Amino acid sequence: VTGVQTCALPILDLILNTDIKKERGILVNNKMETNIKDIYAAGDIAEFENQVIGLWNIAMSQGKVAGYNISGHDAIYEKITPVTMLNAFGISLFSMGCIEESPSTKVLLYEDINGVGYKKIFIKSNKIIGAIVIGDARRSPLLKSAIEKELPLDEINLSSITVDELLDKLKKLKFIYVSIYFHATYPNKKLQIMLLLILPLRISYIDMVCQYNLLLH
């Protein structure tokens, strides 16, 4: 038996008067299986590791895992960092990662009361774990990269920093990390210069490695 839902708020009427465990959603393990054998849940109705995430790509991934296990194959769900990007009606929206405040989370906030501008960054254990940007989303790729790569912020004083100051430091920090990596890995000075010049073009690390491999072959 499988339950799948596609809306923001889980409707749990389906499991009323059953022994299936629930909290905000139906509790599942990493096989998308509930506490009752051979009963699965996926999508917005499923709660995995204390999270119910209403995003299409995550619902698709969970559904595939549930389907494989139902058919007798062994599949494990690996968490996907949730990302939402929207450009409509003259407004840009970017949201990624964990955007729930908690006592252990530091939140940096910028809000432009005179226009459409909003930035909120969530930090935990000296790493950015989530972000919301409304309005100018040009720096969203920088936040996306920092969240995905779990970029450490140990060298940044977060006690009184603003959102824009943190973004400026992130850009420099990312450049320093990649610069050190290339100086340590590739002794060819001309190649180092070429690769480092690619950085302002916002080409990803993988793209740069591909460029290097192409040069070798």
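All values reported here derive from a predicted model rather than from experimental measurement. Every chain is numbered on its own, with residues counted from 1 as its sequence reads. Per-residue local features of the predicted model are confined to residues with pLDDT of at least 70, and side-chain atom pairs are confined, for both listing and counting, to 80 or more; whole-chain, interface and lining totals are unaffected and use all residues. Working from all heavy atoms in the structure, the side-chain values ignore hydrogens and water.

(A) The arrangement of the overall build of the protein in detail. Of the regular secondary structure elements, the protein holds five helices and nine strands. Secondary structure elements are taken from DSSP: a helix is a run of H or I of four residues or more, a strand is a run of E of two residues or more, and numbering for both begins at the N terminus. Counting helices and strands in the order they occur from the N terminus, the protein gives β-β-β-β-α-β-β-β-β-β-α-α-α-α.

(B) Quick look at helix α2 (residues 140–148). Throughout this description, buried means an accessible area under 20% of the type-specific maximum (1.4 Å probe, protein chains only), exposed means over 50%, and partly exposed covers the range between. Taken together, the buried positions of α2 are Ser 140, Leu 142, Leu 143, Ser 145, Ala 146 and Ile 147. Directly beyond the C-terminal end of α2, a positive phi value near 50 degrees is found at Glu 150.

(C) The pattern of salt bridges, seen in detail. Any Lys or Arg side-chain nitrogen found within 4 Å of a carboxyl oxygen on Asp or Glu counts as a salt bridge. Evaluated as defined, the whole model comprises nine salt bridges. When the shortest N-O distance is used, the salt bridge between Arg 24 and Glu 100 registers 3.8 Å. Taken together, the residues span a long stretch of sequence, with Arg 24 in the loop between β1 (2–5) and β2 (26–27) and Glu 100 in the loop between β6 (91–97) and β7 (106–112) at a distance of 76 residues. Its relative accessible area of 43% is what places Arg 24 among the partly exposed residues. Glu 101 is paired through a salt bridge with Lys 120; the nearest N and O atoms lie 2.8 Å apart. Of this pair, Glu 101 sits in the loop between β6 and β7 while Lys 120 sits in strand β8 (residues 117–124), and the two are 19 residues apart along the sequence. What makes Lys 120 buried here is its relative accessible area of 15%.

(D) Expanded view of the sheet that holds β7. Overall, antiparallel pairing links the five strands, which are arranged β5-β6-β9-β8-β7 in an open sheet. Taken across any chain shown, the strands that pair with only one partner, and hence form the sheet edges, are β5 (83–88) and β7. Strand after strand, the sheet turns through a mean of 10 degrees between neighbouring axes, direction not considered. For two strands to be treated as a pair, DSSP must find at least two bridges joining them. Pairing geometry for β5 and β6, over six bridges, is antiparallel. Within β6, the residue paired with Met 85 across the bridge is Phe 94. Any two residues whose heavy atoms approach within 4.5 Å are treated as being in contact. Simply put, an axis is a line fit to the C-alpha atoms, just over the touching stretch for a helix, and the angle between two N-to-C directions goes from 0 to 180 degrees. α2 rests against β6, β8 and β9 (127–134) of the sheet, and its axis sits at about 155 degrees to β9.

(E) Broad picture of the side chain of Lys 120. We call two N or O atoms a polar contact when they sit within 3.5 Å, provided that within protein one can donate a hydrogen and the other can accept it, with sequence-adjacent residues counted only if both atoms are side-chain atoms. Side-chain polar atoms of Lys 120 contact the side chain of Glu 101, separated by 2.8 Å. Not counting the four nearest positions on each side in its chain, Lys 120 is found in contact with Glu 101, Val 107, Leu 108, Leu 109, Gly 130, Ala 131 and Ile 132.

(F) Main features of the packing of aromatic side chains. Stacked, edge-to-face and tilted are the three classes for Phe, Tyr and Trp ring pairs, Trp counted by its six-membered ring, which pair at centre distances within 6.5 Å; planes under 30 degrees apart are stacked, over 60 edge-to-face, the rest tilted. Per the stated rule, a full pass over the model turns up one aromatic pair. For the ring pair Phe 48 and Tyr 77, a centre distance of 5.4 Å and an interplane angle of 80 degrees mean the geometry is edge-to-face. Pair noted here: Phe 48 is in the loop between β4 (46–47) and α1 (56–70) and Tyr 77 is in the loop between α1 and β5, with a separation of 29 residues, a long-range link. For the residue pair Phe 48 and Tyr 77, the accessibility class agrees, reading buried in each case.

(G) Here's a closer look at the pairing of β7. Of the pairings in the sheet, the one linking β7 to β8 comprises seven bridges and is antiparallel in character. Within the sheet, the bridge partner assigned to Leu 108 lies in β8 and is Ile 121. The hairpin formed by β7 and β8 contains four residues between the paired strands.

(H) Broad picture of the side chain of Thr 34. Here Thr 34 shows up in the loop between β2 and β3 (40–43). Exposure remark for Thr 34: the relative accessible area of 7% places this residue in the buried category. Setting aside its immediate chain neighbours within four residues, Thr 34 contacts Ile 20, Ile 26, Leu 27, Val 28, Ile 39, Tyr 40 and Ala 41.

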